[in-house]
Amino acid sequence: MTLVTPPTLDQEDDEMLVPHSDFPDGPRSMEVATAEAASAVDTQAVEDPPSARFTWTIENFTRLNTKKHYSDVFLVGGYKWRILIFPKGNNVDHLSMYLDVGDSGSLPYGWSRYAQFCLTIVNQIHGKYSIRKETQHQFNSRESDWGFTSFMSLGELYDPSRGFLVNDTCVVEADVTVRRVIDYWSHDSKKETGYVGLKNQGATCYMNSLLQTLYHIPYFRKAVYHMPTTENDMPSGSIPLALQSLFYKLQYSDTSVATKELTKSFGWDTYDSFMQHDVQELNRVLCEKLEDKMKGTVVEGTIQQLFEGHHMNYIECINVDYKSTRKESFYDLQLDVKGCKDVYASFDKYVEVEHLEGDNKYHAEQHGLQDARKGVLFMDFPPVLQLQLKRFEYDFMRDTMVKINDRYEFPLQLDLDKENGKYLSPETDRSVRNLYTLHSVLVHSGGVHGGHYYAYIRPTLSDQWFKFEDERVTKEDMKRALEEQYGGEEELPQANPGFNNSPFKFTKYSNAYMLVYIRESDKDKIICNVDEKDIAEHLRIRLKKEQEEKEQKRKEKAEAHLYTIIKVARDEDLVEQIGRDIYFDLVDHDKVHSFRIQKQTPFNLFKEEVAKVFGIPLQYQRFWLWAKRQNHTYRPNRPLNPQEEAQSVGQLKEVSNKANNAELKLFLEVELGQDLRPLPPPYKTKEDILLFFKLYDPLKEEFRYVGRIFVKGNGKPMEVLTKINELAGFAPEEEIELYEEIKFEPNVMCEHVDKRATFRSSQLEDGDIICFQKSSGVGSEQYRYPHVPSFLEYVHNRQVIHFRSLEKPKEDEFCLELSKLHTYDDVVERVALHLGLDDPSKIRLTSHNCYSQQPKPQPIKYRGVNLLSDMLVHYNQTSDILYYEVLDIPLPELQGLKTLKVAFHHSTKDEVVIHTIRLPKQSTIGDVLNDLKIKVKLSHPNAELRLVEVFYHKIYKIFPLHEKIENINDQYWTLRAEEIPEEEKNLGPHDRLIHVYHFTKETAQNQVQIQNFGEPFFLVVHEGETLTEVKVRIQKKLQVADEEFAKWKFAFLSLGRHEYLQDSDIVSARFQRRDVYGAWEQYLGLEHSDNTPKRSHVTNQNRHTFEKPVKIYN
């Protein structure tokens, strides 16, 4: 464990930040770290700085069997902290990681502290690929930890090839800065700056920074306001209206604005908005969409007028009079950062002339191959110049994307006419002065795996800059907006003199990613006045109404403690809902009429309000209280008595509602006479029982409410059959069957009622439900659900499942109505029947991950679950989505087989072919090679094959022929099959079989790092053989041209250290070990540049992982 002083942090991360709490409804008790652990760390801090880095090395990581795991306590700013991780995820398929207050359990009431921090999982192979996420938080007793539930995917963390787990050890870093001044949450952006922020919808800060930049180009905002929309449009379905609405709120709202309507108008689901996208990509797609939507309107062409420039690509022959030109338009320019010190250096590189000569001559029409000059010059620049800085580049050496954090300067004023217009083509109109002033700087903070975006903008081009960071807007000075966003390295003053003599340098992970410049000559037109008259009247009315409704809701919320919501259910509600919206119990209270009544209002005054709304005079109203029974049903329990009706509404709520909800639920009983006019309610004695009746029709499979009856407790159903038949419209003597609906959770309980027994002996009471149907006669077996219990059982368990093909996991392909009680076999049979497949065992199903909205990584095994309900559960959530595949062989057979992907390297042809080998799990490596021999072309019939394990361009293992294949993992390692060369079969007693790898050297953070690439191989070296002799054989084996081979260097490498060899060195003398099984760290290295083309195949492609491009669907 180490503590060093880290970079200052001033960023917030991309994803939704949450306290880890296992109990979302409230705080949970915290475990307090032991004093021993705390003191062990305390002694390391010679002087406690307000910033520190804590390094936590976790050994035996894969063997951690606790749900959560805490680090030791460390001190920063006089406070105790610790890191909390969930090694297998906090109910997600990601590592969850949080910063935790180490002594929260013993702190005094009302404590709080504010910290900015960065959590890192260190990549132990390539440090620059470490995953960092940054945020800030006000810690308190309710939120004593804060961080990232989805820090990084478990698949990536546990993949040994990625470098996050080495020797089963994981290294975590926490950079913590404690701020004494706490104003984050009390900050009023509108009051302090005149501007408001945008709410982060998850990982949408990349979009928020772009939207703020576009909003603060007033000419653009005015054009958006003038796009034609109508009062019938819905913002969630219309990009123009959603953008108008968003801009209006940014202009006139006092608090931060939500972007949900806009992302809905893009056609994005919630999962899209929780995915980190690319600002540049979104900018282009959004502008293209708006350009398209503006066609045929008064603002057609605005996007082009603002953002479109043109350049000319040319090729000019040197020795003949021939020139080819092509004009192209651009909305933004991508400028190189790597190798360029500033924007001007990037423009120099952009217009750099390339000479086409030698093998690369240009084929000019009618002139043949010619020496030529090729380049780009600008014909015109737009009024608003958007510069995308190429902070992310593809690293071909490592076959991955990397972030360029190099220092890169950009000026406040940009002169693109400099040096007599060296960037301009001869056709350029020189009367236009291309002098630009900086309007906004979009910043990316973080690494290649994700991060946080925010923007520095000066809306009126004055000297005052503003920082727009999601909900928060602050005033900033010019240094913060410009110099501090150049990137590069920063040296931190030593906090502990003598503790560590070397100064602590760190890379600044926050730097400019996009720049917006406005041309000086156009600024008065672009920074124009935008007021209410630019906004369509229907939009003003709609948005003002929205604001009023929002204000009304806020007011209601503030006054909620003064009011009671009374929900009144009537017979009419039961008729409307039962058999449509609900089948069990009597009513959904959320769909009945509700009254908002002041608590001190006398109940009789409330009855007058009911009389007005329902037209039922006071003397005909009788109200019943509802009660939740022990079996979780909810029924009318008893009528209100006169004393209760004399109370206030608030007092009555307290009597009726032990759960202390703000609602009072009542049932209004109204008796109707023959003429359907209300009558006074009948006198009710203790002997009278109020029963509710539902009718079932097995032919139509129809269920409906038909009314209620008072019966005597000592009476019998037989005595009231005529009344019940009358409710249903049956003949008085119709034979009927009666059932009591008792409960429906977790299982349906519906029992036959004995018509000859008394109601009391059948344990019937007020509020009970009787379901009835005509007595089943001949032919009732033809019905799917002939009786009430079987119908209710069906309704309770039915489930509509949305099936999706695993190849198209975002699209519903078909739906089937199934039962939760269907077995595994029932489900696959129904799917096979729908697909017209004869053999259901060829269907393989995969469950849905409710958090990622993707298929789970592992499919469901054959009969691996009992019931459909088991397939739909994901942690504490239930899904209605399943994915299916149609296999070429039955699933039980496939599960008995092991599938391996083997890359076969032909001995003479320069080709690699991936073969899928499918064999029984008990098979051996010998069986794999025998199967492969049938599929590949060998150099001669008796050639022997071997299988090796290749990882990071090194050979780690030659598989013995007798090894079982069952436990071989080809998901992360490459399995390579090759012929064994003849010379290896006849090794002499002093010959050595050595590893030979390709490598390059790279300097990173003042350290030389060895990077392997290409295909590793074995080579036999003979006793006394010099490097010169070995080189001849290597050149022949690899078929490298003399000119290229002469540039290669040869080194002996052991455990990462390299020692260059001379031509006269005896190679075998360096390799004293004969055992090749652990010898991958001792090898002959071939140092040269990596010119090999990337192979198109990928052997360790994870199931279902893909990067989604930005799409706006509408």
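Every value quoted in this text rests on a predicted model; they were computed, and no experiment measured them.

Caption draft 1: Broad picture of the overall build of the protein. A count of helical and extended segments in the protein gives 28 helices and 58 strands. Counting all 1114 residues of the protein, 52% fall into the buried class. Long-range pairs, those at least 24 residues apart, make up 68% of the contacts in the protein between residues at least 6 apart in sequence.

Caption draft 2: Structural view of the nonpolar core. With 51 residues, the main nonpolar core has Phe220, Phe247 and Phe307 as its most contacted residues. By size, the runner-up hydrophobic cluster in this structure holds 40 residues, among which are Leu335, Val343, Leu385 and Ala481.

Caption draft 3: Fine view of the sheet that holds strand S37 (residues 702-712). On the basis of which strands lie adjacent, the open sheet formed by 5 strands has the order S37-S36-S40-S38-S39 and mixed pairing. Both edges of this open sheet fall to S37 and strand S39 (749-752), since each of them pairs with a single strand only. This sheet shows a mean twist of 30 degrees between the axes of neighbouring strands, independent of strand direction. Here strand S38 (residues 736-743) runs beside strand S40 (residues 769-774); their pairing, made up of 6 bridges, is antiparallel. Paired with Glu737 across the two strands is Gln773, which belongs to S40. Helix-sheet contacts for helix H20 (residues 721-728) involve strand S36 (688-697), S37, S38 and S40, and the interaxial angle to S37 is about 145 degrees. Sheet contacts for helix H21 (residues 788-797): S36, S37, S38, S39 and S40; angle to S39, the most-contacted strand, approximately 175 degrees.

Caption draft 4: Representation of the side chain of Ser189. Secondary-structure assignment places Ser189 in helix H3 (residues 189-193). The exposure class of Ser189 is buried, given its relative accessible area of 8%. Within polar-contact distance, the side chain of Ser189 engages the backbone nitrogen of Val473 at 2.9 Å. Residues within four places of Ser189 in sequence aside, it is in contact with Gly194, Tyr195, Glu471, Arg472 and Val473.

Caption draft 5: Region of interest: unusual backbone geometry. Residue Glu745 is joined to Pro746 through a cis peptide bond whose omega torsion reads -5 degrees. In this model, Asn60 sits at a positive phi of 50 degrees, which is unusual for a non-glycine residue. Within the secondary structure, Asn60 is located in the loop between strand S2 (51-58) and strand S3 (69-70). In this structure, Leu676 takes a positive phi of about 65 degrees despite not being glycine.

Caption draft 6: Structural detail: the sheet that holds strand S53 (residues 974-979). Taken in spatial order, the 5 strands of this open sheet run S50-S49-S53-S51-S52, and their pairing is mixed. Two strands lie at the open edges of the sheet, namely strand S50 (912-920) and strand S52 (954-958), each paired on one side alone. Adjacent strand axes in the sheet meet at a mean angle of 40 degrees when their direction is disregarded. Judged from the 4 bridges that link them, strand S49 (residues 897-905) and S53 form a sheet pairing that is parallel. Note on S53: the bridge partner recorded for Ala903 is Arg976.

Caption draft 7: Summary view of the packing of aromatic side chains. Enumeration according to the criterion identifies 50 aromatic pairs in this entry. Ring pairing ties together the aromatic residues Phe330, Phe347, Tyr350, Phe378, Phe381 and Tyr423, which thus form one cluster. The residue whose ring lies beneath Arg113 is Trp81, and the NZ or CZ to ring-centre distance is 5.3 Å. A cation over an aromatic ring shows up here: Lys1049 above the ring of Tyr1060, its NZ or CZ 5.3 Å from the ring centre.

Caption draft 8: Just the confidence of the model for the protein, in detail. For the protein, per-residue confidence averages 82 on the pLDDT scale, and residues scoring 70 or more make up 85% of the total. Across residues 492-504, confidence stays below pLDDT 50; counting only partners more than four residues off in sequence or on other chains, it has 24 contacts.

Caption draft 9: Spotlight on the pattern of salt bridges. The tally for this structure, following the rule as stated, stands at 70 salt bridges. The salt bridge partner of Arg407 is Glu409, with a shortest N-O separation of 3.2 Å. Overall, Glu409 belongs to the partly exposed group, its relative accessible area being 32%. Here Arg554 ties to Glu551 by a salt bridge, and the two come within 2.5 Å at their closest N and O atoms. Taken as a pair, Arg554 and Glu551 lie in helix H15 (residues 537-558) at a separation of 3 residues, close to a single helical turn. By relative accessible area, which is 41% here, Glu551 ends up partly exposed. Counted as one network, the salt bridges with shared partners bring together Asp585, Arg629, Arg635, Lys694, Glu741, Glu765 and Asp768.

Caption draft 10: A look at the side chain of Glu949. Here Glu949 is to be found in strand S51 (residues 945-951). Look at Glu949: it is buried, it has no salt bridge, and the nearest opposite charge is Lys957 at 5.5 Å. Ignoring any residue separated from it by four or fewer positions in sequence, one finds Glu949 in contact with Lys954, Ile955, Tyr956, Lys957, Phe959, Trp973 and Thr974.

Caption draft 11: Broad picture of helix H5 (residues 218-225). Counting buried positions along H5 gives 6 out of 8 residues, so the element sits mostly inside the fold. Among the residues making up H5, those that are buried are Pro218, Phe220, Arg221, Ala223, Val224 and Tyr225.

Caption draft 12: Focus on the packing of H5 against helix H6 (residues 239-252). For the pair H5 and H6, interaxial distance at closest approach is 9 Å and the crossing angle is 130 degrees. Our classification of the angle between H5 and H6 gives oblique. Between H5 and H6 lies a crossing of left-handed hand. Facing Phe220, Arg221, Val224 and Tyr225 of H5, the residues of H6 in contact are Leu243, Gln244, Phe247, Tyr248 and Gln251. Looking at the contact of H5 with H6, its residues break down into 6 nonpolar, 2 polar and 1 charged.

Caption draft 13: Local environment of the environment of Ile1066. Take Ile1066: it is sitting in the loop between strand S57 (1057-1060) and strand S58 (1082-1087). Residue classification places Ile1066 among the partly exposed residues on the basis of a relative accessible area of 34%. Each C-alpha atom, one on Ile1066 and one on Gly1024, is 5.7 Å from the other, the two residues being 42 residues apart in sequence. Setting aside residues no more than four positions away along its own chain, Ile1066 makes contact with Gly1024, Glu1025 and Thr1026.

Caption draft 14: Molecular detail of the pairing of strand S28 (residues 510-519). The buried fraction of S28 amounts to 10 of the 10 residues, a majority that puts the element mostly inside the structure. Pairing analysis gives 5 bridges linking strand S18 (residues 384-390) to S28, with the strands arranged antiparallel. Looking at the pairing, Gln386 lines up with Val516 of S28. Sheet topology places strand S22 (residues 435-447) next to S28; 9 bridges connect them, and they run antiparallel.

Caption draft 15: Summary view of H21. Among the 10 residues in H21, 7 count as buried, and that is most of the element. Taken as a whole, H21 has its buried residues at Val788, Phe791, Leu792, Tyr794, Val795, His796 and Asn797.

Caption draft 16: Focus on the environment of Arg142. Tracing the chain through its elements places Arg142 in the loop between strand S8 (131-140) and strand S9 (145-153). Owing to a relative accessible area of 56%, Arg142 belongs among the exposed residues under this scheme. Through-space distance from the C-alpha of Arg142 to that of Ser104 is 9.8 Å; in sequence the pair is 38 residues apart.

Caption draft 17: Looking closely at the packing of H6 against H15. Interhelical geometry of H6 versus H15 gives an angle of 60 degrees and a closest axis separation of 11 Å. Relative to H15, the element H6 lies oblique. When you trace H6 past H15, the crossing you get is right-handed. Note on element contacts: H15 touches H6 through His538, Leu539, Arg540, Arg542, Leu543, Lys544 and Glu546, opposite Leu241, Gln244, Ser245, Tyr248 and Lys249. Considering only residue class, the contact of H6 with H15 consists of 4 nonpolar, 3 polar and 5 charged.

Caption draft 18: Quick look at the environment of Val902. Following the sequence through the fold, Val902 ends up in strand S49. By relative accessible area, Val902 is classed as buried at 0%. The spatial distance from the C-alpha of Val902 to the C-alpha of Leu947 is 8.5 Å, given a sequence separation of 45 residues. Excluding anything up to four places from it in sequence, Val902 contacts Val913, Ile914, His915, Ile917, Val928, Leu932, Leu947, Leu975 and Ala977.

Here is what the cut-offs are and how they apply
Residues numbered from 1 in each chain as written. Predicted model: local features only at pLDDT ≥ 70, side-chain atom pairs only at ≥ 80, totals over all residues. Heavy atoms only, no water. Helix = DSSP H or I, 4+ residues; strand = E, 2+ residues; numbered from the N terminus. Buried < 20%, exposed > 50% of the residue type's maximum accessible area, 1.4 Å probe, protein only. Contact = heavy atoms within 4.5 Å. Core = buried A, V, L, I, M, F, W, Y, C linked by side-chain atoms within 4.5 Å. Pairing = 2+ DSSP bridges. Axes fitted to C-alpha atoms, helices over the stretch in contact; angles between N-to-C directions. Polar contact = N/O pair within 3.5 Å; in protein donor to acceptor, adjacent residues only side chain to side chain. Phe/Tyr/Trp six-rings, centres within 6.5 Å; stacked < 30°, edge-to-face > 60°. Lys NZ or Arg CZ within 6 Å of the ring centre and 35° of its normal. pLDDT = per-residue confidence, 0-100. Salt bridge = Lys/Arg side-chain N within 4 Å of Asp/Glu carboxyl O. Lys, Arg positive; Asp, Glu negative; His and termini not counted. Parallel < 35°, antiparallel > 145°, perpendicular 65-115°, else oblique. Left-handed = near helix turned anticlockwise from the far one by under 90°. Nonpolar A, V, L, I, M, F, W, Y, C, P; charged D, E, K, R; others polar.

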